[in-house]
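Residue-level structural notes
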Amino acid sequence: MTHRANADPICNLKIVTLLMALNPQLLLLGARVQLRDNGYDGLLVAINPQVSEDQKLIPNIKEMITEASFYLFNATKRRVFFRNIKILIPATWKANNYSKVKQESYEKANVIVTNWYGPHGDDPYTLQYRGCGKEGKYIYFTSDFLLNDDLTSGYGSRGKVFVHEWAHLRWGVFDEYNNEKPFYISGQNQIKATRCSSDITGMFVCEKGPCSQEDCIISKLFQEGCIFVYNSTQNATTSIMFMQSLSSVVEFCNASTHNQEAPNLQNQMCSLRSTWDVISDSTDFNHSFPMNGTELPPPPTFSLVQAGDKVVCLVLDVSSKMAEAERLLRVQQAAELYLMQIVEIHTFVGIVSFDSKGDIRSQLHQINNDDDRKLLVSYLPATVSAEAETSICSGLKRGFKVAEKLHGKAYGSVMILVTSGEDRHIGNCLLTVLSSGSVIHTVALGSSADKNLEELSHLTGGLQFFVPDKSNSNSMMDAFGRISSGTGDIFHQCIQLESMGKNIKPHHQLKNTVTVDHSVGNDTAFLVTWQILGPPEIVLFDPNGRKYYTHNFTINQALRTARLWIPGTAKSGVWTYTLNNTHHSLQALKMTVTSRASRSAEPPVTVEAFVGKDSTVFPHPMMIYANVRKGFYPILNATVTATIEPEAEDPVTLKLFDDGAGADVIKNDGIYSRYFFSFAANGRYSLKVHVNHSSSISTIGHSIPGSHAMYVPGYITNGNIQMNAPRKSPGRSEEELESGFSRISSGGSFSVLGVPVGPLPDVFPPCKIIDLEAVKVEEEVTLSWTAPGEDFDQGQANSYEIRMSKSLQNIQDDFNNAILVNTSNLNPQQVGTKEIFTFSPQLFINGPDYQPDGTTPGNHRIYVAIQAIDKHSLKSAVSNIAQASLFIFPNSAPVLARDFLVLKGVLTAMTLTGIICFTIVVMHCILNKKKRAEENGTKLL
């Protein structure tokens, strides 16, 4: 028994994994999509609380996914289908015997249904923030798309649209159409519509009706109003990622049907690979095989779940470890922030403390007013236990018991677990945690916190945070500030505007500004915290110059906090605060500002910070992301700064970019990204993102590149043009914000292993170039791309290696043996700079061994890729592959040569006219001379 009780936690995790494999129902409690026996389990569809209750919405969702399941099964050649789906009903809808939520929440949904129109109107779209073959964030549908049957004429059946978006989300493939580049010049120097496959037929249509290719071109530019309309009846079966609305389309483009020439996002992001090629390389396909037989899979089963009363329990460590580095004080201050400002009204809150055993400090108490909040603050632990032993399981079990008091189960409850201790028996309660139906957010305090703590949040779909033992760190406040109700109702959730902490010398001050924009201002509170003695001298100016002083704040001397609550709606604009350290010793002073939405009809600007994965191993970098939006509209041109705090070393600041280069996949999609690799040591790291910008620069993007189902403007049916209703326009492509804004978001924590002791060796290559483009300009090819750094996306690379080939497969599989382009005059610029390089491929294409690629004579295309090299000869991954068409088709005049032919005809005519005129003049001169000679002869006679 003793040996079993002291087993390594890793062994316990293996046991849990085995039990989960034997009992698949436990697997579904983690609220993650899993593929099991060819069927997807755990798909979560969440309806936004702002969506009005409609009796048709849920049946239409079920019908859409049921159709999608069979369509997906056939499209993947009997490989996958949807088995179990959960639909999260908002609490704003009437109760209707729905099941109670367990660990499902709006923030964890795979599919979101909202009544806010996104950047593309009613277009369904998928937010993809990573590269080719990587999962996206969520699929988005408007309620109008799901209810208005008239839209199916433009998008196709909803089930087909769902499969289109699922391929984006699950397998990381991209669209095969391009509204910005609807036409391109093919290798035969002919105009082609951007499509996949190229076997899909149609005709050019101008404003007045059908027209020829030539009528769509003016001076080598495509005429505005000219579109390519497709036939409603087709023989082509591909591709779902191009036009899923066609009845004949039932497959993804494969190697034989893929259109590599089309200037679409799939070709750019996946280096000209077909969608089926990418999908076939996915983990789903590597771990499954086609189902035998001819029978179809069973239709999906649906579970309707609805959140009930919001229940939260604080589970706080009070073991002797909490006496170190003022840990308990910081927990008290953050818990007070949470109870007084963060947690939403009508939430039931309980408090548990633990050392070697758990202790219930407060049963559930519903928050209805400020007095309820203050009462709960009074129940926070005030002292540290003498016991050093920590039993995390005991604390959690007490927390579950508190939550069960309300409805008999802990389903849907939230545990906020804060600990600095180590529990060797944490694995013993993992099955209890899984079956509890509770979500656990973990806060690891200091370097002594249990190394397996994050497994609790991972299993239950909770967030994980780390707080270093630094007096000036505000990470504890930021962690509690990030924890929301999970309902998706951002109009009632708390939004953090400021988080600042510094060690201030005696008689010095901390001074900064925070912007309160028009979209927030309700329930605004300024919270000041300090370490020792009394409060600092506080001076706060509102945008109109009104002053607030220390005596205007509510002081809690025991917790060393001072709070100012602004009644009504705080004035929008820049607020300025000054904290003066009036004491004779160094003092850690901090300011935290929170607010809520000011308008029920206008969503506020929100920031969600997150990392690419929970852990990494040196030298692999960590991807840092920040999703900056107003509703579903991306915020462009914002200044986004990440602060990463290791356990003991100084924090690192890093500016994030939305430029479509380096770690950022798609430009101007509102997701700002960066590589982080400045690892100070092994251990945990905390992430915080600060967004602060002025209205003169920040804009709201109303049209973004990315992945969304195409709305077809019309079809050719029996030779007649039948146009669909115009697509709902989202408005202007960009719109200035009414005012500047400030936002703070904790991005949780991640861990790093394998960091060597001492100075880090240079093992970081330049990052991969992902936006290489090639354009033929007369007899030359011009390349453009964004400059990478010396180390990933930092610094300046040393040189470039550019290679080209007539064979796509050769440059994909054997880049180093492709033909090298002379880049001796090409010097890399600073990271983020636009690079332009022009070269002549004549030696390559005129060589004796060159043969045009393809079976059609004159299909002269070259494929180009690039690597960046640093000063230690470390090379980046090979870039995306760009292509260019070089020669004019030899047997027919190209369409774009029309102007040249006209000019040539004019010049020929002018030349012939000149010759004729010259001949006439010469003949006239000869005749005149002859006449004069005859006259002279007559006179002589």
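Heads up: the structure comes first, above all this text.
Notes on the structure follow.

Criteria and thresholds
- Residues numbered from 1 in each chain as written.
- Predicted model: local features only at pLDDT ≥ 70, side-chain atom pairs only at ≥ 80, totals over all residues.
- Heavy atoms only, no water.
- Core = buried A, V, L, I, M, F, W, Y, C linked by side-chain atoms within 4.5 Å.
- Buried < 20%, exposed > 50% of the residue type's maximum accessible area, 1.4 Å probe, protein only.
- Helix = DSSP H or I, 4+ residues; strand = E, 2+ residues; numbered from the N terminus.
- Contact = heavy atoms within 4.5 Å.
- Expected span 1.5 Å × (residues − 1).
- Pairing = 2+ DSSP bridges.
- Axes fitted to C-alpha atoms, helices over the stretch in contact; angles between N-to-C directions.
- Phe/Tyr/Trp six-rings, centres within 6.5 Å; stacked < 30°, edge-to-face > 60°.
- Disulfide = S-S within 2.5 Å.

1. Details of the nonpolar core
Core analysis: the largest hydrophobic core is formed by 74 residues, its most contacted members being Phe82, Phe162, Trp166, Trp171 and Phe252. Per element, the largest residue contribution to this core is nine residues, and it comes from helix α4 (residues 57–75). Not counting residues within four places of it along the chain, the set of residues in contact with Trp166 comprises Val33, Tyr40, Leu43, Leu72, Phe82, Ile139 and Trp171. With 35 residues, the next largest nonpolar core counts Val607, Ile624, Phe676 and Phe677 among its residues.

2. Side note on unusual backbone geometry
Of note, the bond from Cys196 into Ser197 is cis; its omega dihedral lies within 30 degrees of zero at 10 degrees. Mapped onto the elements, Ser197 comes out in the loop between β11 (191–193) and β12 (202–206). The amide bond that connects Phe618 to the next residue, Pro619, takes the cis arrangement and shows omega of 10 degrees. Of note, Pro619 is situated in the loop between β34 (615–617) and β35 (622–630). For Asn38, which is not glycine, the phi dihedral falls at a positive 70 degrees. Mapping Asn38 onto the fold places it in the loop between β1 (34–36) and β2 (39–41).

3. Here we look at helix α14 (residues 392–407)
Taking 1.5 Å of rise per residue, 16 residues should cover 22 Å, and α14 covers 24 Å from first to last C-alpha, within 8% of that figure. Those residues of α14 not exposed but buried are Ile392, Cys393, Gly395, Leu396, Gly399, Phe400, Val402 and Ala403. One or two steps after α14, the chain reaches Gly408, where phi turns positive at roughly 90 degrees.

4. A word on the sheet that holds strand β20 (residues 358–366)
Within the open sheet, the six strands sit side by side as β20-β19-β18-β21-β22-β23. Their pairing is mixed. Both outer strands of the open sheet, β20 and β23 (464–467), are each paired with one neighbouring strand and no more. The mean inter-strand angle of the sheet, taken between neighbouring strand axes irrespective of direction, is 15 degrees. One ladder, built from six bridges, connects strand β19 (residues 348–354) with β20; its direction is antiparallel. Residue Ile351 lies in a different strand from β20, and its bridge partner there is Ser362.

5. Regarding the sheet that holds strand β28 (residues 547–549)
Within a beta sheet, neighbouring strands are joined by backbone hydrogen bonds and run either parallel or antiparallel to one another. With antiparallel pairing, four strands are arranged side by side in an open sheet as β25-β31-β27-β28. The open sheet terminates on both sides in strands that have one partner only, identified here as β25 (509–516) and β28. When strand polarity is set aside, the average angle formed by the axes of neighbouring strands in this sheet is 15 degrees. Where β25 meets strand β31 (residues 573–580), eight bridges bridge the pair, whose relative direction is antiparallel. Within β31, the position partnered with Asn512 by the bridge is Tyr577.

6. So, the packing of aromatic side chains
For the structure on display, the rule yields 38 aromatic pairs. An angle of 85 degrees between the planes, with centres 5.1 Å apart, marks the rings of Tyr129 and Phe610 as edge-to-face. Of this pair, Tyr129 sits in the loop between β8 (125–127) and β9 (138–142) while Phe610 sits in strand β33 (residues 605–611); the two residues are 481 residues apart in sequence, bridging distant segments of the chain. An identical accessibility class is assigned to Tyr129 and Phe610; each is buried. Both rings, one in Phe141 and one in Phe162, keep their centres 6.1 Å apart while their planes meet at 15 degrees; by these two values the pair is stacked.

7. A few points about the state of the cysteines
Under the definition given, this model contains three disulfides. Between Cys132 and Cys270 runs a disulfide, and the two sulfur atoms are separated by 2.1 Å. Here Cys132 and Cys270 share a disulfide; its torsion about the S-S bond, 105 degrees, makes the bridge right-handed. Placement of Cys132 in the loop between β8 and β9 and of Cys270 in the loop between α9 (265–269) and α10 (275–280) is noted, with a sequence separation of 138 residues between them. You can call Cys270 buried: its relative accessible area is 3%. Sulfur-sulfur distance for the disulfide between Cys393 and Cys429 comes to 2.1 Å. The disulfide joining Cys393 to Cys429 has a torsion of about -75 degrees about its S-S bond and is therefore left-handed. One end of the pair, Cys393, is in helix α14; the other, Cys429, is in the loop between β21 (414–419) and α15 (430–436), and 36 residues separate them in sequence. The pair formed by Cys393 and Cys429 is uniform in burial state, with each residue classed as buried.

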